[in-house]
Amino acid sequence: MGAAALAFAIWTRHLRHNPRNPKWTGRDRFLLSGGHGSMLLYSLLHLTGYDLSLDELKNFRQWGSKTPGHPEYGLTPGVEMTTGPLGQGFATGVGMAIAASHLSAAYSPELFDNFIYAIVTDGDLMEGVASEAASLAGHLQLGRLIYLYDDNHISIDGSTDLSFTEDRAKRFEAYGWHVQKVNDGNDVEAIDRAIAEARTDARPSIIMCRTIIGFGAPKKQGTAKAHGEPLGDEELNAAKENLRWPKEPRFYIPDDVLDFYREALERGQKNEAAWNQKFNEYKKSNPEKGMELERSLAGRLPKGWEKALPTFPADAKGMATRAASGKVINALAPILPELIGGSADLAPSNNTKIDNVPAFQKETPQGRNFHFGVREHAMGAALNGMALFGGLIPYGGTFLVFSDYNRPAIRIAALSHIPSIFVFTHDSIGLGEDGPTHQPVEHLAALRAIPNLTVIRPADANETAQAWRVALENRRGPTVLALTRQAVPTYAPAQTANTSKGAYVLATLGKKIPDVILMASGSEVSLVMDAAKKLHEQGNSVRVVSVPSWELFEKQDAAYRESVLPKKVAARVAVEAGIGMGWERFVGSGGKVISIERYGASAPYKVIYEKLGLTVENIIAQAKSVMPKKVAKPKSKVKKAAAKKITKRK
């Protein structure tokens, strides 16, 4: 109610959109960063003609409705992203502005002149991710951002004077933003003028609009009660009376009001038709680039792209999987111009740099390398924004231990089916001397706990290449690549061909039905391989299973899973340099897990592995402890008789 005039000014005077085609590329984007005000957005979508009926509005926050308590991307037509966790909308919008700016420079300013509008709240500005994103946007001078700040001075606890008293205008001026103030948040003309001015400024803009929460509700407006609880029938009726609005019918839209808003239908179709004409003209004058752009906007990969994936010869010395990842990125970059990304100030360590192309900066928006700075959370949200905008495949890198800083953005990506790619290196105690602050032990388990997130921890260079293939083909959710700092052996490409299945038989030593199955992910695969060889030398049959991705393996049919981990083989040992939680699903009651149930230490990584029991010797010992004891075969009658004769002669 307090932000209604802000939304009215944006939606009726500035926002370019087409309710008949919510996915039209040429549209502006609108984000309601304070997702708790979702009914404001649903009302606008219904009024302007999106496929959202009045009955859906009446079914607000009910099972199966298209009007959940917070907006959800993919559920409600016209919702550009899932918001609710405060700060996410603010930061994701920065990624959308990056995408628009890059595509404009790489292809056509006429096709990509989109603005990113948002209504942001006190809560958004309090969240740390907004500070990270605002700093980045100011540095990059993302003039396509126009945020209206719903400055109502109220949070759930009460007045913002309790906890939020800095000068927000000066704060954003320091970030390099264009800052304006509108003293009356109900003054549509003043808001309109401020937006018009913001559109002409090269800097990101924030318009500080002084509003009254719950405007019109006589007892609750301007109070925390208007934020944290429903108005109730009595106060709602009083508000209608106060605003000279009929109490009945309960949901009332005058015909002239609906006609006014529905003008967006014709206006939107005309705008899209004009944009389509520009796109057709662009394709005629730039046929190769036009086809490339059309393909990337449709989310299609070029035909035969996978042939560019590098393969690596078997090599006992091998290389770090982070190094292999960097080689994959650079092998694919020339044929996938939509591949774009960077690192949170760790590019040389994460190996995320695309060679021979510029960085994305305000002077070079066509650049494909990103310096996100030490802003992991904002980086994650920005990746989501780039992916949501369309036409790009974004990736971002940091150390796996700092995935904690990424986690809210990763969860939004998983919830919203956003195909962002997270490149997390230094994935275990294997990073060595930096010590337990930088050595992840619980992080793989924490990431695997997120529904619809694909986590891949490749064992070698060839698995890494296949992991990138999975990530690039996964258009229904985010992917995490967990990569080593230390070198690991490279296996022959033919051995790792089934990486995309999540788990596969890497080696069979001895009988087809083994005495024991040794399984591991990532760098520990080489340990179980060495242990398997020694066990085989001792007369045992051993199967080695590489398990790069639980999620991919669990998507395979039962027959395939049984072929890899047959139920009849209960003797199993799993090895991973992290907490063991979850591995019990693969080892069963008859197996064991060699894991790390403590923090690491500062020492050379081989020393840490030895001290914490991640050794070939311990794997062999644990394997023998779960293997069935071999019973000596009884001697035949002939052999017994011969033995008696020999005894008598003696």
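Below, the structure is looked at part by part. (Residues numbered from 1 in each chain as written. Predicted model: local features only at pLDDT ≥ 70, side-chain atom pairs only at ≥ 80, totals over all residues. Heavy atoms only, no water.)

Here's the deal with the overall build of the protein
Then step 1. Looking only at helices and strands, one finds 25 helices and 20 strands in the protein.
Then step 2. Counting only C-alpha atoms and orienting by the principal axes, one finds that the protein spans roughly 120 × 60 × 45 Å.
Then step 3. Out of the 650 residues belonging to the protein, those deemed buried represent 56%.
Then step 4. Within the protein, contacts between residues separated by at least 24 positions form 75% of all contacts whose residues are at least 6 apart in sequence.
Then step 5. Total accessible area computed for the protein in this model is approximately 28000 Å², and 52% of it derives from carbon and sulfur atoms.
Then step 6. Across the protein, the 80 positively charged side chains and the 69 negatively charged ones have centroids separated by 15 Å. (Helix = DSSP H or I, 4+ residues; strand = E, 2+ residues; numbered from the N terminus. Buried < 20%, exposed > 50% of the residue type's maximum accessible area, 1.4 Å probe, protein only. Contact = heavy atoms within 4.5 Å. Areas by Shrake-Rupley, 256 points an atom, 1.4 Å probe, with all protein chains shown as cover. Lys, Arg positive; Asp, Glu negative; His and termini not counted. Charge placed at Lys NZ, Arg CZ, Asp CG, Glu CD.)

Describing the environment of Gly176
Then step 1. Locating Gly176 in the fold gives a position in the loop between helix H7 (168–175) and strand E6 (178–182).
Then step 2. Among the residues examined, Gly176 registers a relative accessible area of 23% and is labelled partly exposed.
Then step 3. Taking C-alpha positions, Gly176 is 40 Å from Leu258, a pair spaced 82 residues apart along the chain.
Then step 4. When residues no more than four places from it in sequence are discounted, the contact partners of Gly176 are Gln141, Arg203 and Pro204.

Thoughts on the pattern of salt bridges
Then step 1. Within this structure, the stated rule accounts for 23 salt bridges.
Then step 2. A salt bridge links Glu189 to Arg13; its shortest N-O distance comes to 3.0 Å. Separated by 176 residues along the polypeptide, Glu189 in helix H8 (residues 188–199) and Arg13 in helix H1 (residues 4–13) bring together distant segments of the chain.
Then step 3. In this structure, the salt-bridge partner of Glu234 is Lys219, at a minimum N-O distance of 3.6 Å. (Salt bridge = Lys/Arg side-chain N within 4 Å of Asp/Glu carboxyl O.)

Some details on the packing of aromatic side chains
Then step 1. Counted according to the given criterion, the structure contains 29 aromatic pairs.
Then step 2. For the ring pair Tyr42 and Phe60, a centre distance of 6.2 Å and an interplane angle of 70 degrees mean the geometry is edge-to-face. Of the two residues, Tyr42 sits in helix H2 (residues 38–48) while Phe60 sits in the loop between helix H3 (54–58) and helix H4 (88–106), which places them 18 residues apart along the sequence.
Then step 3. Tyr42 sits in the buried class, given a relative accessible area of 0%.
Then step 4. By relative accessible area, Phe60 is classed as partly exposed at 24%.
Then step 5. A centroid spacing of 5.2 Å and a plane angle of 85 degrees characterise the contact between Trp550 and Trp583, whose relative ring orientation is edge-to-face. With Trp550 in helix H20 (residues 550–554) and Trp583 in the loop between strand E19 (572–575) and helix H22 (584–587), the pair connects residues that are 33 residues apart, well separated along the chain. Trp583 carries the same exposure label as Trp550, and that label is buried.
Then step 6. Among the aromatic residues, those joined into a cluster by ring pairs are Phe90, Tyr147, Phe172, Tyr175 and Trp177.
Then step 7. Over the aromatic face of Phe389 sits the side chain of Arg29, whose NZ or CZ is 4.0 Å from the ring centroid. (Phe/Tyr/Trp six-rings, centres within 6.5 Å; stacked < 30°, edge-to-face > 60°. Lys NZ or Arg CZ within 6 Å of the ring centre and 35° of its normal.)

A short note on a nonpolar patch on the surface
Then step 1. Together, Met1, Ile212, Phe215, Leu243, Trp245 and Tyr252 make up a nonpolar patch on the protein surface, roughly 540 Å² of accessible area in all.
Then step 2. Structurally, Met1 can be placed in the segment before H1. (Patch = residues over 30% accessible without salt bridge, like charges linked within 9 Å, V, L, I, M, F, W, Y side chains within 5 Å.)

Regarding the sheet that holds strand E17 (residues 516–520)
The strands making up a sheet associate through hydrogen bonds between their backbones, and the pairing can be parallel or antiparallel.
Then step 1. Here we have five strands laid out as an open sheet, ordered E16-E18-E17-E19-E20, and mixed in their pairing. Only two strands of the sheet have a single partner each, and these edge strands are strand E16 (504–509) and strand E20 (592–594). Here the average twist between neighbouring strands, direction ignored, is 20 degrees.
Then step 2. By the bridge criterion, three bridges tie E19 to E20 in an arrangement that is parallel. Paired with Val575 across the two strands is Ile594, which belongs to E20.
Then step 3. Across the face of the sheet, helix H19 (residues 524–537) comes into contact with E16, E17, strand E18 (542–546) and E19 while running at roughly 160 degrees to E17. (Pairing = 2+ DSSP bridges. Axes fitted to C-alpha atoms, helices over the stretch in contact; angles between N-to-C directions.)

A look at H8
In an α-helix, one full turn covers 3.6 residues, which means residues spaced three or four apart are oriented alike.
Then step 1. A rise of 1.5 Å per residue sets the reference length of H8, with its twelve residues, at 16 Å; its end C-alpha atoms lie 17 Å apart and thus fit the reference within 8%.
Then step 2. Residues of H8 that are buried include every one of Val188, Ala190, Ile191, Asp192, Ala194, Ile195 and Ala198, and no others.
Then step 3. Residues of H8 that are buried make contact with H1, strand E2 (116–121), strand E3 (145–151), E6 and strand E7 (205–210). (Expected span 1.5 Å × (residues − 1).)

What about the nonpolar core?
Across soluble globular proteins, nonpolar side chains have a tendency to be buried as a group.
Then step 1. With 72 residues, the main nonpolar core has Phe90 and Trp177 as its most contacted residues.
Then step 2. Once you skip the residues sitting within four places of it in the chain, Phe90 turns out to touch Ser33, Val120, Leu125, Ala130, Ala133, Ala134, Tyr147, Phe172 and Trp177.
Then step 3. Within the second largest apolar cluster, 51 residues are counted, among which are Tyr504, Leu506, Leu509 and Val616. (Core = buried A, V, L, I, M, F, W, Y, C linked by side-chain atoms within 4.5 Å.)

Observations regarding a negative patch on the surface
Then step 1. Taken together, the side chains of Asp255, Asp256, Asp259 and Glu263 define an acidic patch exposed on the protein surface.
Then step 2. Among the secondary structure elements, Asp255 is positioned in helix H11 (residues 255–285).

Concerning the sheet that holds strand E1 (residues 29–32)
Then step 1. Pairing is parallel across the open sheet formed by five strands, whose spatial order is E1-E2-E3-E7-E6. The open sheet is flanked by E1 and E6, the only strands paired with a single partner. Strand-to-strand twist in this sheet, taken as the mean axis angle between neighbours without regard to direction, amounts to 20 degrees.
Then step 2. One ladder, built from five bridges, connects E6 with E7; its direction is parallel. Counted as the bridge partner of Gln180 is Ile207 from E7.

Let's talk about the environment of Arg585
Then step 1. Mapped onto the fold, Arg585 is located in helix H22.
Then step 2. Classification of Arg585 as partly exposed rests on a relative accessible area of 48%.
Then step 3. If we skip the residues at most four places from it in the chain, Arg585 touches Trp550 and Glu554.
Then step 4. A distance of 2.7 Å separates polar atoms of two side chains, one belonging to Arg585 and the other to Glu554.
Then step 5. Polar contacts involving the side chain of Arg585 include one to the main-chain carbonyl oxygen of Gly582, which spans 3.1 Å. (Polar contact = N/O pair within 3.5 Å; in protein donor to acceptor, adjacent residues only side chain to side chain.)

Focus: the side chain of Arg457
Then step 1. Along the chain, the position of Arg457 falls in the loop between strand E13 (454–456) and helix H18 (461–473).
Then step 2. Reaching out from Arg457, the side chain makes a polar contact with the side chain of Asp427 at a distance of 2.8 Å.
Then step 3. Once you skip the residues sitting within four places of it in the chain, Arg457 turns out to touch Asp427, Ser428, Leu444, Glu463, Ala482, Ser521, Gly522, Ser523, Glu524, Pro548, Glu576 and Ala577.

A word on the packing of helix H6 (residues 128–140) against H7
Then step 1. Put simply, H6 and H7 touch, their axes get as near as 8 Å, and they point 45 degrees apart. Classed by the angle they form, the pair H6 and H7 counts as oblique. Counting all contacts with H6, which are made through Ser131, Ala134, Ser135, Gly138 and His139, the residues of H7 involved are Arg171, Phe172 and Tyr175.
Then step 2. Counted by class, the contact of H6 with H7 contains three nonpolar, four polar and one charged residues. (Parallel < 35°, antiparallel > 145°, perpendicular 65-115°, else oblique. Nonpolar A, V, L, I, M, F, W, Y, C, P; charged D, E, K, R; others polar.)

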